[in-house]
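Chain by chain, the residues run as shown.
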Amino acid sequence: LRPARVPSNSRFLNPCIVIFIVVAVVVILAVIIGLLIHFLAFDQKSYFYHGDIHILNVKYSDQLNSPATQEYKTLSNQIESLLSKTFKESNFRYQFVRARVVKLRQTDNGVIAHIVMKFKFTRNFNGASMKKRIESVLNHMLNNSGNWEINPSPEIKPITDEETVDIFTQTSCGARPDLITLSEERIIGGTKAEEGDWPWQVSLRLNNGHFCGGILISNSWVLSAAHCFRGKSDPRQWTATFGISTRFPKQIIRVQTIKVHSNYIFATHENDIAAVKLERSVKFTKNIHRVCLPEATQNILPNSVAYVTGWGSKRYNGHSVPDLEQAQVYIISNEVCNAPSSYNGMISSGMICAGVPEGGVDACQGDSGGPLVQEDSRRLWFLVGIVSWGYQCGLPDKPGVYTRVTAYRNWIREHTGV
Ligand code: ARG
């Protein structure tokens, strides 16, 4: 019988090596587990879905055709609140980010709301079952939507980030990039604009130098001021550029036609509006797209906040600047603006004033033709004025004077179809 060999303890159980191996294994395992947990549980990514909700018992109203009307805003808001309440009370409460009505459309039996929703999921989710689960939450909502009669079995479709941008820029207007991506609101600060802050701002160049501002109202029409084209009405002299830098524009497009208001009067600045048709369509992006136009009947409230933007000079008789600037101003009633100490009766019904009481904040030379905009309750931006004239720049009691867009809403429709 051969006795088993007893191995020498000292060779195999060297405590240093054992400790080293144990520590190494633990570290490697910890790293692997950590990475797995990170990717499976915490690394969330945004996913967008597009869908239609058909509401049957909303009566037909012309008011629902324009995002500028109160009816449109109210109905969109109600749908958004209902969606958000529903998902916050469902299993998706931690994954649901936001829902947005991008467009309301009238049909012969009610209204269709086109919606975009954003969720945050970790990467290991099953796309098909997720779509089903979201649809079932929606379906549940539709069956319990109080006084709305909603067509059941909604279908939603996962969409890419690019498709989300396309849906917003093609069906909606006046949305900033943060709204398009359904992200946190970016606050406007300072005087320098950032890319995408004012997506509808255009630089109109005369013989290749910035000359006037412009405003994108569709993919081929730009609004501007009539006085920009005095003695310069040949479209071949003009190009339009897009993006916040006039030195490094994102897109450059030639001008095809210039339509100046036929009753523009130089001496009084009346009817200071022009429509410029581009030679080809602008490619809408997150940072370049159209502003919303108000209804002709819309009432612009005195003392409400507005923003004016442009590459104009920073002081009277200065030079244009290469990077887009913005300024916050307040709407001034025509009555106040016509006071003897102010413009003493020169402000007609087709004009609107905006400035700050102490002066110092204003548009100036080179800003002409550019936008004066306001944000509505749904965070869409509307064009209220076109930079027109002023006595010098930024003087107290001498605010900027703008072409009142509501007064020319029908002129714009007639001449551009927008
Ligand atoms: N007419 C000027 C231009 O051609 C714009 C004047 C605006 N002035 C003002 N103070 N807001 O650029």
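Our structure's up above, just so we're on the same page.
The rules we used
- Residues numbered from 1 in each chain as written.
- Predicted model: local features only at pLDDT ≥ 70, side-chain atom pairs only at ≥ 80, totals over all residues.
- Heavy atoms only, no water.
- Helix = DSSP H or I, 4+ residues; strand = E, 2+ residues; numbered from the N terminus.
- Expected span 1.5 Å × (residues − 1).
- Buried < 20%, exposed > 50% of the residue type's maximum accessible area, 1.4 Å probe, protein only.
- Arc of directions from axis to C-beta.
- Contact = heavy atoms within 4.5 Å.
- Polar contact = N/O pair within 3.5 Å; in protein donor to acceptor, adjacent residues only side chain to side chain.
- Near = heavy atom within 4 Å.
- Areas by Shrake-Rupley, 256 points an atom, 1.4 Å probe, with all protein chains shown as cover.
- 1 Å grid on protein atoms, 1.4 Å probe; cavity = no way out; pocket = protein on both sides within 12 Å on 5 of 7 lines; lining within 4 Å.
- Sits in = over half its atoms within 2 Å of the grid points.
- Nonpolar A, V, L, I, M, F, W, Y, C, P; charged D, E, K, R; others polar.

Q: Help me understand helix H4 (residues 127-143) in this model?
A: Residues separated by three or four positions in an α-helix point in the same direction, a consequence of the helix having 3.6 residues per turn. Given a rise of 1.5 Å per residue, 17 residues ought to cover 24 Å, and the 24 Å separating the end C-alpha atoms of H4 matches this to within 8%. All buried positions along H4 are accounted for by Met130, Ile134, Glu135, Val137, Leu138, Met141 and Leu142. The arc that holds the buried residues of H4, viewed along the axis, is 155°, so those residues lie on one side. Exposed and oriented more than 90 degrees from the buried face of H4 are Ala128, Lys132, His140 and Asn143. Elements in contact with the buried residues of H4: strand S1 (44-55), helix H3 (70-88), strand S3 (110-122) and strand S4 (156-159). Where H4 begins, one side-chain oxygen reaches toward the backbone nitrogen of Ala128, 3.0 Å away; that side chain belongs to Asn126.

Q: Would you explain the site of the ligand in this entry?
A: Around the ligand lies a shell of 15 residues, among which His227, Asp362, Gly366, Ser368 and Gln392 are the nearest. Between the ligand and Asp362 there is a distance of 2.8 Å, counted from a nitrogen atom to a side-chain nitrogen or oxygen. Within the backbone of Gln392, one N or O atom sits 2.8 Å away from a nitrogen atom of the ligand. Computed on the free molecule, the ligand has an accessible area of 350 Å², of which 87% lies beneath the protein chains in the complex. With respect to the detected pockets, the ligand is housed in the largest pocket. Residues that form the shell around the ligand fall into these classes: 5 nonpolar, 8 polar and 2 charged.

Q: How should helix H2 (residues 15-42) be read in this particular structure?
A: Taking 1.5 Å of rise per residue, the 28 residues of H2 would be expected to cover 40 Å, and the 38 Å separating its terminal C-alpha atoms lies within 8% of that figure. For H2, the side-chain oxygen to backbone nitrogen distance between the N-cap and Cys16 is 3.0 Å, and the N-cap itself is Asn14.

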